[in-house]
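Structural description and commentary
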Amino acid sequence: MNTVELIAPCHFGLEAVLKREILDLGYEIVKVEDGRVTFRTDLEGIARSNIFLRTAERILLKIGSFKAYTFDDLFEGTKKLPWEDYIPENGRFWVKKASTAKSKLFSAPDIQSIVKKAMVDRMKSKYKVSWFNEDGDDYPVRVFILKDQVTISLDTTGTPLHKRGYRKLVSEAPIRETLAAALLMLTPWHKDRILVDPFCGSGTFLIEAAMMGLNMAPGMNRSFEHWSNFLPKKVWYDAIDEANDLVNYDVEMDLQGYDKDPRMLKIARANAQDAEVDHLIHFQQREVKDLRHPKPYGFVIANPPYGERLEDQETLPQLYTEMKEAFDRLDTWSKYVITSYEDTEKYLGKPTKKRKVYNGMIRGEFYQYLGPKPPRRRK
């Protein structure tokens, strides 16, 4: 088992960002599909991917893939997979999740039940037992069926990767940490440039930016499952040591977060402190209409209200008008806005480009208003 295939689910529309991250880690891309990237690595890559990737939701170890049009096909295909290579006799295994799209098999509970039965059948014959105690390490299984193609994997992550551990409290419409990181990576922002979030909420954009500027791996403080039979603790410890060695604590950045709600600012400060980046971010109570900055060539990134709540809908025209006026004052700045508000272009104008993204179940657009490039510094 020197080489394995891993599957990294991500936000729809942001597969290219994740692909670039995986290539930067030195791994080979096998396939890019809607909402997932498959890549090839060694066993150490399981730990490194969980610790270093900013935009993946989890890391799945691919066990096998096959066509299944009936439940008999599903049973036989699952039974042929080499489960004994991955799960020891005392391993605790179950089908944590089954999802299906555009396939003849669509009942998730039935899929989960049949896959578990097939695994038990296979392992009974291989281990020459009639009963499993399942008192060892956990081996959660995930099944994904698309157009009758079944892909079965082991979940190496557990708690989703977007849960970095620093966000104990959130705003009413929080943006996932993985999505915030991906959107930042779509921009040309760099740690040497000013970054302002005028609707900072619980501070996610700015905390992710600070971690990127410090070269702080997003998963370096997480706890992970280990599988003593083929993924020992040392693999994780080595990857965490690598991550710690790469952090540059001497970095200085100009990161500013504004919000009109003092309660949210208190939450944002607490989250930044938990992430150990509070010294890099300045939070201040301020409305978007008061957004100003004396320096040129900065960046704004914003996740403003969408109008999902009825009480917000009446205030959106005024809010987006004020946003436009503030943006116009920052005429050399680049501005990036994620929103599902359908009249965004009416108020903010036609963007340089935009990209369809999903924030949870909410479909939105990432509007990108690119400012002029700053003049090159003379050597």
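Parameters and conventions
- Residues numbered from 1 in each chain as written.
- Predicted model: local features only at pLDDT ≥ 70, side-chain atom pairs only at ≥ 80, totals over all residues.
- Heavy atoms only, no water.
- Helix = DSSP H or I, 4+ residues; strand = E, 2+ residues; numbered from the N terminus.
- Rg over C-alpha atoms; globule rule 2.2 N^0.38 Å.
- Buried < 20%, exposed > 50% of the residue type's maximum accessible area, 1.4 Å probe, protein only.
- Contact = heavy atoms within 4.5 Å.
- Pairing = 2+ DSSP bridges.
- Axes fitted to C-alpha atoms, helices over the stretch in contact; angles between N-to-C directions.
- Left-handed = near helix turned anticlockwise from the far one by under 90°.
- Nonpolar A, V, L, I, M, F, W, Y, C, P; charged D, E, K, R; others polar.
- Arc of directions from axis to C-beta.
- Right-handed = clockwise from strand over helix to strand, strands pointing away.
- Salt bridge = Lys/Arg side-chain N within 4 Å of Asp/Glu carboxyl O.

Looking only at helices and strands, one finds eleven helices and 14 strands in the protein. Taken over the C-alpha trace, the protein has a radius of gyration of 23 Å; the compact-globule value for 379 residues is 21 Å, and the two agree within 12%. Seen along its three principal axes, the alpha-carbon backbone of the protein occupies a region of about 75 × 45 × 40 Å. Going through the 379 residues of the protein one by one, you find that 53% of them count as buried. In the protein, 76% of the contacts between residues at least 6 apart in sequence involve partners at least 24 apart.

Moving on, we come to the environment of Cys10. Relative to the elements of secondary structure, Cys10 occurs in the loop between strand 1 (3-9) and helix 1 (15-24). The buried category is assigned to Cys10, whose relative accessible area is 9%. In sequence terms Cys10 and Arg54 are 44 residues apart; their C-alpha atoms lie 10.0 Å from each other. Ignoring any residue separated from it by four or fewer positions in sequence, one finds Cys10 in contact with Glu15, Leu18, Gly35, Arg36, Thr55 and Glu57.

Judged by pairing direction, the sheet is mixed, and its seven strands sit side by side in the order 10-9-8-11-12-14-13 without closing on themselves. Each edge of the open sheet is held by one strand with a lone partner, namely strand 10 (281-285) and strand 13 (353-359). Averaged over all adjacent pairs, the angle separating strand axes in this sheet is 20 degrees, with direction ignored. Looking at chain direction, strand 12 (residues 334-339) and strand 14 (residues 362-369) are connected through five bridges and run antiparallel. Its bridge partner being in strand 14, Thr339 is matched across the sheet by Glu365. In the packing of helix 5 (residues 177-186) onto the sheet, the strands contacted are strand 8 (195-197), strand 11 (299-302), strand 12, strand 13 and strand 14, and the crossing angle to strand 13 comes to about 170 degrees. The sheet strands contacting helix 8 (residues 262-274) are strand 9 (255-259) and strand 10, and the helix crosses strand 10 at an angle near 170 degrees.

Attention now moves to the sheet that holds strand 6 (residues 138-146). What the seven strands build is an open sheet, ordered 2-3-1-4-7-6-5; its pairing is mixed. In the strand order of this sheet, the two ends are held by strand 2 (28-33) and strand 5 (92-101), each with one partner. Averaged over all adjacent pairs, the angle separating strand axes in this sheet is 30 degrees, with direction ignored. As defined by bridge partners, strand 1 adjoins strand 3 (residues 36-42) across seven bridges and the pair is classed as antiparallel. Residue Val4 lies in a different strand from strand 3, and its bridge partner there is Thr41.

Axis separation between helix 5 and helix 6 (residues 204-214) bottoms out at 9 Å; the angle between their running directions is 65 degrees. For the pair helix 5 and helix 6, the crossing hand works out as right-handed. Contacts between helix 5 and helix 6 involve Glu177, Ala180, Ala181, Leu183, Leu184 and Met185 from the first element and Thr204, Phe205, Glu208, Ala209 and Met212 from the second. Here the residues of the contact of helix 5 with helix 6 are counted per class, giving eight nonpolar, one polar and two charged.

We now examine helix 1. Along helix 1, the positions that sit buried rather than exposed are Glu15, Val17, Leu18, Glu21 and Ile22. Taken around the axis of helix 1, the buried residues stretch over an arc of 160 degrees, which confines them to a single face. Exposed and facing more than 90 degrees away from the buried side of helix 1 are Ala16 and Asp24. Elements in contact with the buried residues of helix 1: strand 1, strand 2, strand 3, helix 2 (43-52) and helix 5. Residue Gly26 follows helix 1 closely and has a positive phi angle near 95 degrees.

Here strand 5 pairs with strand 6 via nine bridges, running parallel. Counted as the bridge partner of Val95 is Val141 from strand 6. Following the chain from strand 5 across helix 4 (residues 108-127) to the adjacent parallel strand 6, one finds a crossover that is left-handed.

Right, let's get into unusual backbone geometry. Of note, Lys128 is a non-glycine position whose phi angle comes to about 55 degrees, a positive value. The residue Lys128 is located in the loop between helix 4 and strand 6 in this model. Its identity is not glycine, yet Lys147 carries a phi of approximately 55 degrees, on the positive side.

Counted by the stated rule, this structure contains 18 salt bridges. Note that Arg58 is salt-bridged to Asp155, the shortest N-O span being 2.5 Å. One end of the pair, Arg58, is in the loop between helix 2 and strand 4 (60-67); the other, Asp155, is in strand 7 (residues 149-155), with 97 residues separating them in the sequence. Classification of Arg58 by relative accessible area gives buried; the value is 10%. A salt bridge links Asp328 to Lys324; its shortest N-O distance comes to 3.2 Å.

This part is about the environment of Gly360. Mapped onto the elements, Gly360 comes out in the loop between strand 13 and strand 14. Accessibility expressed as a relative area gives 45% for Gly360, which makes it partly exposed. Each C-alpha atom of the pair Gly360 and Leu179 lies 9.4 Å from the other, and the pair is 181 residues apart in sequence.

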